[in-house]
Amino acid sequence: MPNKINKIETIRHSLAHIMATAVLELYPKVKFGIGPSIENGFYYDFDFGKVKLSDEDLPKIQKKMKEIIKQDGDFKKKDVSKISAKKLFKDQPYKLELINNLPGKTASIYETGSFIDLCKGPHVKSSKEIPFKGFKLTRVAGAYWLGDEKNKMLTRIYGVAFETSEELQTHLKQIEEAKKRDHRKLGAKLDLFSFHEQAPGMPFFHPKGTIIYKELWKFWEEVQKEFDYDFVLAPSMLDVSMWKQSGHYS
């Protein structure tokens, strides 16, 4: 099992680089953030400047990715001095920031076709190892650089990836089924609660929903008493800095 996990994580990380390569070909002026593997997939953060990317742009990026994979390019690793790395990434401010924060005097880079990235790896040896029908770009989102709300908001592109097309289709089907069971849809359908723009993310409970809410609250209180918990009440209105720190503000 560990070998399988390592293999798919390596594939996902490599796909992040392939996606960055595709984005570079389509948007030559793009600035690059970071692109790790994550659970079930990968992402990469980009600064597109004034260009606004949306989910509608994902098919052309995915098409370009498949063209790159077909080229059977190698992933070549090199260890270079930080001085040389800064020259390579002289037009990439986010990479320069990462280089400055690296310990020691050297940096690890990977070259894939026309794309060079600051990265410690690991990666597949060749793009032919990437399952051609095992991945899909899923959505575009905003993300602060390095997760700090004081930094610029970048564009994050997410993708999912598996070793086989069957695994991918199973995962996508599970996501679609989960959407059907979204509590926001069920709440409206069953007349339990609704959401309104005056209070984003906060439900307005209808009479039926209030009954369920109160019963759940009673159950929760009884369970807590069994474990000798004490009860406290905290304010629901807090300084805006708290919501920025939690990520809810944006």
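Residues numbered from 1 in each chain as written. Predicted model: local features only at pLDDT ≥ 70, side-chain atom pairs only at ≥ 80, totals over all residues. Heavy atoms only, no water.

Focus on the overall build of the protein
Phase 1 of the analysis: Secondary structure summary: the protein contains 8 helices and 10 strands in total.
Phase 2 of the analysis: When the backbone C-alpha atoms are referred to their principal axes, the protein occupies close to 65 × 40 × 40 Å.
Phase 3 of the analysis: Residue burial in the protein is summarised as follows: out of 250 residues, 35% are buried.
Phase 4 of the analysis: Of the contacts formed within the protein by residues at least 6 apart in sequence, a portion of 63% connects residues at least 24 apart.
Phase 5 of the analysis: Accessible surface, the protein as shown: approximately 16700 Å² in total, 56% of it carbon and sulfur.
Phase 6 of the analysis: If the 42 positive side-chain charges of the protein are averaged to one point and the 34 negative ones to another, these points end up 7 Å apart. (Helix = DSSP H or I, 4+ residues; strand = E, 2+ residues; numbered from the N terminus. Buried < 20%, exposed > 50% of the residue type's maximum accessible area, 1.4 Å probe, protein only. Contact = heavy atoms within 4.5 Å. Areas by Shrake-Rupley, 256 points an atom, 1.4 Å probe, with all protein chains shown as cover. Lys, Arg positive; Asp, Glu negative; His and termini not counted. Charge placed at Lys NZ, Arg CZ, Asp CG, Glu CD.)

Here's the deal with the packing of aromatic side chains
Phase 1 of the analysis: Evaluated as defined, the whole model comprises 14 aromatic pairs.
Phase 2 of the analysis: Seen in terms of ring centroids, phenylalanine 193 and phenylalanine 205 are 5.8 Å apart; in terms of plane orientation they differ by 70°. Their pairing is edge-to-face. Note that phenylalanine 193 is positioned in strand β9 (residues 193-194) and phenylalanine 205 in strand β10 (residues 204-205), a separation of 12 residues in sequence.
Phase 3 of the analysis: On the basis of relative accessible area, phenylalanine 193 is assigned to the buried category, the value being 13%.
Phase 4 of the analysis: Given a relative accessible area of 37%, phenylalanine 205 falls into the partly exposed group.
Phase 5 of the analysis: Summarising the aromatic geometry, the rings of tryptophan 220 and phenylalanine 231 are spaced 5.6 Å apart at their centres and angled 70° between planes, so their arrangement reads as edge-to-face. With tryptophan 220 in helix α7 (residues 207-226) and phenylalanine 231 in the loop between α7 and α8 (240-246), this pair connects stretches of sequence that are 11 residues apart.
Phase 6 of the analysis: Taking relative accessible area as the criterion, tryptophan 220 reaches 39% and is therefore assigned partly exposed.
Phase 7 of the analysis: Members of the aromatic cluster, joined through ring pairs, are Phe193, Phe195, Phe205, Tyr213, Trp217, Trp220 and Phe231.
Phase 8 of the analysis: Across the ring face of phenylalanine 162, the terminal group of arginine 12 is positioned such that the distance to the ring centre comes to 5.2 Å.
Phase 9 of the analysis: Of note, arginine 156 hangs over the ring of tyrosine 43, and the distance from its end group to the ring centre comes to 3.8 Å. (Phe/Tyr/Trp six-rings, centres within 6.5 Å; stacked < 30°, edge-to-face > 60°. Lys NZ or Arg CZ within 6 Å of the ring centre and 35° of its normal.)

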